[in-house]
Amino acid sequence: MNTSPGVRPRALLLAPLVALALVLSVLVALPGTAHAAADPITDPIPERPAASGIGLTVEEYATFPKTEPSPGPVTDPRLVRHARINYLSELPDGSGRMAVPDLNGKLYLVEDGTPRLYLDIADTFSPAFFASQGLGQGFGFVTFDPGFKRNGRFYTVHTELASATTAVPDMRQQATTRYHGIVTEWTAADPSAATFQGTRREVLRIGFAGTIHGIQQIDFNPNARPHTPDHGLLYIAVGDGGQGARNTEPQNLSLPHGKILRIDPRGTNSANGKYGIPARNPFTGTAGALGEIYAYGMRDPHRFSWDTGGGHRMYLGHIGEHALESVYEVRAGDNFGWSEREGPFRFEKAPTGPCARIFPLPEDDEQYGYTYPVAAYDHDPPADWNCTSDVGRAIVGGFVYRGSDLPELRGKYVFGDIVDGRLLFADTKDMRRGSKELARLYDLMLYDESGKRVTMRDLAGHTRVDLRFGRDADGELYLLSKANGKIWKVTGTRKFASCDTDGSTLTHVMAGRNWSPVTPSKWRFPGHEAVLAEPGVQRPGPRRPFEYAVLAAGPEYRDVRIDAEVRLDTPVEITNRDVIIVFGYQSDTKFSYVHLSTDNTIYPHNGIFVVNDADRVRIEDQWNGRTGAPPAVTDADWHKVRVVRCASSGEIAVYVDGSKRPLMTAVDTTLTSGRVGFGSFDNIGRLRGLKVSYR
C-alpha cells in the first residue's frame, strides 16, 4: 500500500491514504465483531490451527559447539542455551556452504554438516560486544551480498554495551541509550577461503534504550536481479527497543525504531555518509521523516522473507505484545499500527495494573490507513495468567516453500512458534491482503529419521525450543534449535495415518444379526441403517459411552479404515448431542472411540478417547484443555465420517464430510486390535453405508 505525504492520523503521525479493511481468518467469522465497542476481547482468534495431516520428515544436519553469552554473568535462564544459533542460509557463491550465526558471537560456515568457525564477531568487537542480557542481543544476523563470489562482501548485525564504547549512534531512541545495534560490512580478501581475512567498515549504528527488540534481521531481496531497482538494497528490521506497550516511537517517522529500513550499503547520501538512501523509498520526500524507512508501526519485526515464486511477495513474522502473533505482507509505506493496533485490533494499555487490552476496531478505522495481517494466531493464556509472565508464544517467520522435496507444501508459507516449536503453515492463496479474513492456519507434524512421530521439543530436548528456520539455495527447509544447538534438514513429507488398509473390505452388514448392542431393545435395524432409537443410560463401571452396538461380523481389525454416514436425531437445540464410532473394541471396558459432537468446549466431547478398564481418557492432538477440534456435527443432516487407525504406529485420523484434512488426530497404542461399532452417550442417532477396509 503506497502512502502520500501530509496525512497525520492521531497526533503527529503520518499514515497511508489507502485504508485496508479488517483482516480475519479464512472460513471463520470476523473475531470481535460481536463485541460491544467498550468490551475488551479475551479470545481474539477462537479458531486454533487445524490439523493438516501432513508430517515433515527430518534428519539431523549439524551440531554446533557449546558457547556462552559474554560478558557474564547471565541472569536470564532463557539465555542459557547450548548454542544460540539464529539462522541458516546458503552462501550465494555456488559452493554449497551454509552460514550460521551464533548470538554468542561466532559465525560458522557449514560444509557437509560440519560447522567450522569462519569469524569470531565477539572477539573482534571485544570488550564492547554484548550478549548477556536480552534474547536478541549479541551477534544476531548475517547476510551475503548477491555478488559475494566476486566482491567478497557480507553484512552482520551485533550489539554493544553503550558504556563500553566511545562510538556515537547515528540514530537513537528518546530514552537513555544503553545498547547499540551495529550493521557492519565485511570484505573477504578471498571469498572462497575457509576463514575470514579481510577488512570491515561500520555502516550504521542505532541506539536502544532496552535489552530487547533491537535490529533483528538484515537481508537482500532474492528476487531482485542485476540492474533492477531493488538489486543490492539491504533491508533492516529494527524493533521498538522494548519500551513498553505505549511506546509511540514506531509511529514516529523521524526515528528508525519499530520500522523496516531499506538502504543502499554502497551509497553515500545518508546523514553519516556510509550508505545510500534509495530514491524510491516511500518517505524520501516527506519533511521530518527518515528516508531510510520502508515500512513502520512495528513492535518486534523478527523475521522476514520473500516468496521466490508466485507474486514475489515479502512476508514478515511479527512478534506481538498481549494477544497475537501475526504474519504481514509488507509493501512500501505500510503502517502496521503498533502501538495503536495489535494485529487487526485496537490496542490499549489498561488504565491500572500491568494488563493490556485489545478491542474491536473503531467504526472510523479506515481513516488511519493501517495495514493488517494476512495470518495470525493468538496466545490462549491460562485462566490464571497475571499479564506479566511469559505465556510461551512468539512467532518465528519462515518461508514460502518453492523447493522440490515437499510438493504438498509448495506455495505454502511455513513458519512456527519460537517457544514451543509448533510448526504451522498457511496457503498463500488464502493470505489475501486487504481481505476481511485471515488465512486458515494448519499444524504440521514431525517424524524423525526412524519414522517415529516427534515434536520439536523432543528433538531439542527442552520445553523451550528457540525455533528458527533456514533455507538453502534450492529452497529446501531447515529447522534450528538453540536448546541443543542442532539443525535438522526437512527431507520429505509423510501423510498421517497412511497405513495400507486396502486388503479386504466388509460391506452390507446393516442387518441386525450382524450387531451386538448393549441394550437390544433400544435399537432398530431396518436393513440399511443401524438406528439408536432410545437414549442410553449410565451403567456401572468406568465412565464410557452409555449405549453402543458392536459389529460382530468380520474379524478383529488392526490396520482399519471405517467409512460411514452418521446422523444425529437428537434435536439441534440440545448443545451436547453426540454419536460415537467405536474401534479397537475388546470388551465393554476396553475400547477406543471417536466422539462426534456439537460441543467442542468440554472434556468429554468431540474428541478421540480410550477406555482401558478405567474412565475414558482423551488422547487427540486438538484438545488444549479448553477446546478441541471444530464441532463435527451441528445439524440434523447426514455426514460422512472416516476413521483410520494404524495399529503399529498407533496413528488415528478422523475425517468428516469428505475433507482431505483430518478433523482430529491422535497417537495411541493402548489397544491395537478389536472390533468396530456405533453408539452414543445419552442421545439418539443412526448410521448407514458402513464399509470396513482392513489388512
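Residues numbered from 1 in each chain as written. Predicted model: local features only at pLDDT ≥ 70, side-chain atom pairs only at ≥ 80, totals over all residues. Heavy atoms only, no water.

Asks: Quick rundown of the domain arrangement of the protein chain? Include the residues and the values.
Replies: Looking at the protein chain, the domain boundaries give domain 1 (50-495) and domain 2 (505-694). Of note, the centres of domain 1 and domain 2, computed from C-alpha atoms alone, are 45 Å apart. Taken together, the 15 residues of domain 1 in the interface contact 11 residues of domain 2. Considering only the side of domain 1, the residues that lose the most area to domain 2 are Ala51, Asp380 and Arg453, jointly responsible for 43% of the buried surface there. Taken together, domain 1 and domain 2 are joined by 2 salt bridges. Where domain 1 touches domain 2, the interface holds 4 residue pairs in polar contact (both at pLDDT 80 or more). Elements with a contribution of two residues or more to the side of domain 1 that touches domain 2: β1 (50-63), β25 (442-447) and β29 (486-495). (Domains from an automatic or database assignment. Contact = heavy atoms within 4.5 Å. Buried area = accessible area lost by both parts, 1.4 Å probe. Salt bridge = Lys/Arg side-chain N within 4 Å of Asp/Glu carboxyl O. Polar contact = N/O pair within 3.5 Å; in protein donor to acceptor, adjacent residues only side chain to side chain. Helix = DSSP H or I, 4+ residues; strand = E, 2+ residues; numbered from the N terminus.)

Asks: Describe the packing of aromatic side chains, with residues and values.
Replies: According to the stated counting rule, one finds 37 aromatic pairs in the structure shown. Taking 5.3 Å as the distance between ring centres and 70° as the angle between the ring planes, the aromatic pair formed by Phe64 and Tyr108 counts as edge-to-face. Residue Phe64 is located in the loop between β1 and β2 (88-90), and its partner Tyr108 is located in strand β4 (residues 106-111); the two are separated by 44 residues in the primary sequence. Counting every residue linked through ring pairs, the aromatic cluster contains Phe546, Tyr548, Tyr585, Phe591, Tyr593, Tyr603, Phe609, Trp623 and Phe681. If you follow Arg494 out to its NZ or CZ, it ends over the ring of Tyr447, 4.4 Å from the centre. (Phe/Tyr/Trp six-rings, centres within 6.5 Å; stacked < 30°, edge-to-face > 60°. Lys NZ or Arg CZ within 6 Å of the ring centre and 35° of its normal.)

Asks: So, the pattern of salt bridges: which residues are in play, and what are the values?
Replies: Going through the model one piece at a time under the given rule, you end up with 40 salt bridges. A salt bridge links Asp500 to Arg695; the nearest nitrogen and oxygen atoms lie 2.9 Å apart. On the criterion of sequence distance, the pair formed by Asp500 in the loop between β29 and β30 (504-506) and Arg695 in the segment after β44 (685-694) is long-range, its members being 195 residues apart. Asp500 gets classed as partly exposed once you look at its relative accessible area, which sits at 36%. Under the relative-accessibility criterion, Arg695 is labelled exposed at 56%. Two residues, Lys522 and Glu534, come together in a salt bridge whose shortest N-O distance is 4.0 Å. Of the two residues, Lys522 is situated in the loop between β31 (515-517) and β32 (523-524) and Glu534 in the loop between β33 (529-532) and β34 (547-551); the sequence distance between them amounts to 12 residues. Under the relative-accessibility criterion, Lys522 is labelled buried at 13%. The exposure class of Glu534 is partly exposed, given its relative accessible area of 33%. Here the salt bridges do not stand alone but share partners, grouping Asp502, Arg561, Asp563 and Arg642 into one network. (Buried < 20%, exposed > 50% of the residue type's maximum accessible area, 1.4 Å probe, protein only.)

Asks: Can you tell me about the sheet that holds strand β9 (residues 179-188), naming the residues and giving the values?
Replies: Each strand in a sheet pairs with another by means of backbone hydrogen bonds, the pair being arranged parallel or else antiparallel. Pairing within the open sheet is mixed, and its 5 strands lie in the order β6-β7-β9-β10-β8. What marks the edges here is a single partner per strand, and that holds for β6 (139-144) and β8 (171-172). Here 5 bridges tie β6 to strand β7 (residues 153-161), and the two strands are oriented antiparallel to one another. Its bridge partner being in β7, Phe144 is matched across the sheet by Phe154. (Pairing = 2+ DSSP bridges.)

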